[in-house]
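The lines below spell out each chain.
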Amino acid sequence: MKIVLPGGTGHLGGLLASFFRERGHQVVVLGRAGGAGVVRWDGKTIGSWAAELEGADAVVNLAGRSVNCRYSAANLREMMDSRVDSTRVVGEAIARAAHPPRVWLQSSTATIYAHRFDAPNTEETGIIGGAEPDVPAYWARSVAIAKAWEETLFAATTPRTRRVALRTAIVLCPGRGGPFSILIGMTRAGLGGTLAGGRQYVSWIHALDFARAVTWLIEHDTL
């Protein structure tokens, strides 16, 4: 297959690029900086990069400003804009393609679900968050970003391209920029151990299972 990875220079992009290349697939990475093996794009306007979508089997859009930061007004704006703009422009490029990809997998987030202790949130029974009693304002902002992200995906006009929102959370794999490198840094600073009462759930998926799930979604056209 030919697989295009917008925003593929980060933690998850490196994981998927290696996984697919090891299995003989052609991988095209789109990144803001460009460089060796990376096609340059700005994540918000159509450019020469759009030609890479012609005849591709799949697009997996991973673009979005890191959430590993202070939730200031400026950073929250960047989180929203980087996700909505990149999703919108990928949709525009697919719509213009003479031979569009057959599937578009778009990053989303399990943060869209409510914080709860009574049951896990699933696709069938999960509660969308943002309106929980006494929810902190930044939680609600995170849910609003997730909703706008998915709404932009499904508002795109791509009748020949199947669309899937990937509501994933923490993907556990080693390497710089991954969750282990962040947790190790906290632990070395003396901040390891039980946090916030220790009762909260953490949604996670093993790196290999994440890559296999992406492959499965690409292959199953009914989803």
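Nothing here was measured: the structure is a model prediction, and the numbers come from that model. (Residues numbered from 1 in each chain as written. Predicted model: local features only at pLDDT ≥ 70, side-chain atom pairs only at ≥ 80, totals over all residues. Heavy atoms only, no water.)

Chemist: I tried to follow the overall build of the chain on my own but got confused; where do I start?
Modeler: The number of helices and strands found in the chain is 5 helices and 8 strands. Mapped from its N terminus to its C terminus, the chain presents α and β elements in the order β-α-β-β-β-α-β-α-β-β-α-β-α. Computed over the C-alpha atoms, the radius of gyration of the chain is 18 Å, within 12% of the 17 Å expected from 2.2 N^0.38 for a compact globule of 223 residues. Projected onto its principal axes, the C-alpha positions of the chain cover 55 × 35 × 35 Å. (Helix = DSSP H or I, 4+ residues; strand = E, 2+ residues; numbered from the N terminus. Rg over C-alpha atoms; globule rule 2.2 N^0.38 Å.)

Chemist: Honestly, the packing of helix H2 (residues 73-96) against helix H3 (residues 137-155) in this entry has me stumped. Any pointers?
Modeler: Packing of H2 against H3 brings their axes to within 8 Å, and their N-to-C directions diverge by 10 degrees. Judged on the interaxial angle alone, H3 and H2 are roughly parallel. Residue-level inspection shows Leu 76, Arg 77, Met 79, Met 80, Arg 83, Val 84, Thr 87 and Arg 88 of H2 in contact with H3, the latter providing Arg 141, Ala 144, Ile 145, Ala 148, Trp 149, Thr 152 and Leu 153. The class makeup of the residues in the contact of H2 with H3 is 9 nonpolar, 2 polar and 4 charged. (Axes fitted to C-alpha atoms, helices over the stretch in contact; angles between N-to-C directions. Parallel < 35°, antiparallel > 145°, perpendicular 65-115°, else oblique. Contact = heavy atoms within 4.5 Å. Nonpolar A, V, L, I, M, F, W, Y, C, P; charged D, E, K, R; others polar.)

Chemist: How should the packing of helix H1 (residues 11-22) against helix H5 (residues 207-219) be read in this particular structure?
Modeler: To characterise two packed helices, one gives the angle between the axes of the helices and the distance between these axes. The geometry of H1 relative to H5 is characterised by a closest axis approach of 10 Å and an angle of 65 degrees between their N-to-C directions. One way to sum up the angle between H1 and H5 is to call them roughly perpendicular. Like other packed secondary-structure pairs, H1 and H5 cross with a definite hand, here right-handed. On H5, the residues that touch Leu 12, Leu 15, Leu 16, Phe 19 and Phe 20 of H1 are Ala 207, Leu 208, Phe 210, Ala 211, Arg 212, Val 214, Thr 215 and Ile 218. Across the contact of H1 with H5, the residue classes tally to 11 nonpolar, 1 polar and 1 charged. (Left-handed = near helix turned anticlockwise from the far one by under 90°.)

Chemist: What am I meant to see in the packing of aromatic side chains here?
Modeler: Geometry of an aromatic ring pair is reported as the spacing of the ring centres plus the angle between the planes. Applying the stated criterion across every chain, the model contains 4 aromatic pairs. Geometrically, the ring pair formed by Phe 19 and Phe 20 is edge-to-face, given 5.6 Å between the ring centres and 75 degrees between the ring planes. Considered together, Phe 19 and Phe 20 belong to a single accessibility category, that of buried residues. Taking 6.3 Å as the distance between ring centres and 85 degrees as the angle between the ring planes, the aromatic pair formed by Tyr 138 and Trp 139 counts as edge-to-face. Classification of Tyr 138 as partly exposed rests on a relative accessible area of 42%. Residue classification places Trp 139 among the partly exposed residues on the basis of a relative accessible area of 32%. Three or more aromatic residues joined by ring pairs form one cluster here, namely Tyr 71, Tyr 138 and Trp 139. (Phe/Tyr/Trp six-rings, centres within 6.5 Å; stacked < 30°, edge-to-face > 60°. Buried < 20%, exposed > 50% of the residue type's maximum accessible area, 1.4 Å probe, protein only.)

Chemist: Before we go on, may I ask you to explain the sheet that holds strand E2 (residues 26-31) in this structure?
Modeler: In sheet architecture, strand pairing relies on hydrogen bonds along the backbone and comes in two forms, parallel and antiparallel. On the basis of which strands lie adjacent, the open sheet formed by 6 strands has the order E3-E2-E1-E4-E5-E6 and parallel pairing. The sheet terminates laterally at strand E3 (38-40) and strand E6 (162-166), the two strands that pair on one side only. Neighbour-to-neighbour, the strand axes of this sheet turn through a mean angle of 20 degrees, independent of strand direction. As paired elements, strand E5 (residues 103-107) and E6 share 5 bridges and run parallel to each other. Bridge pairing links Leu 105 to Val 164 in E6. (Pairing = 2+ DSSP bridges.)

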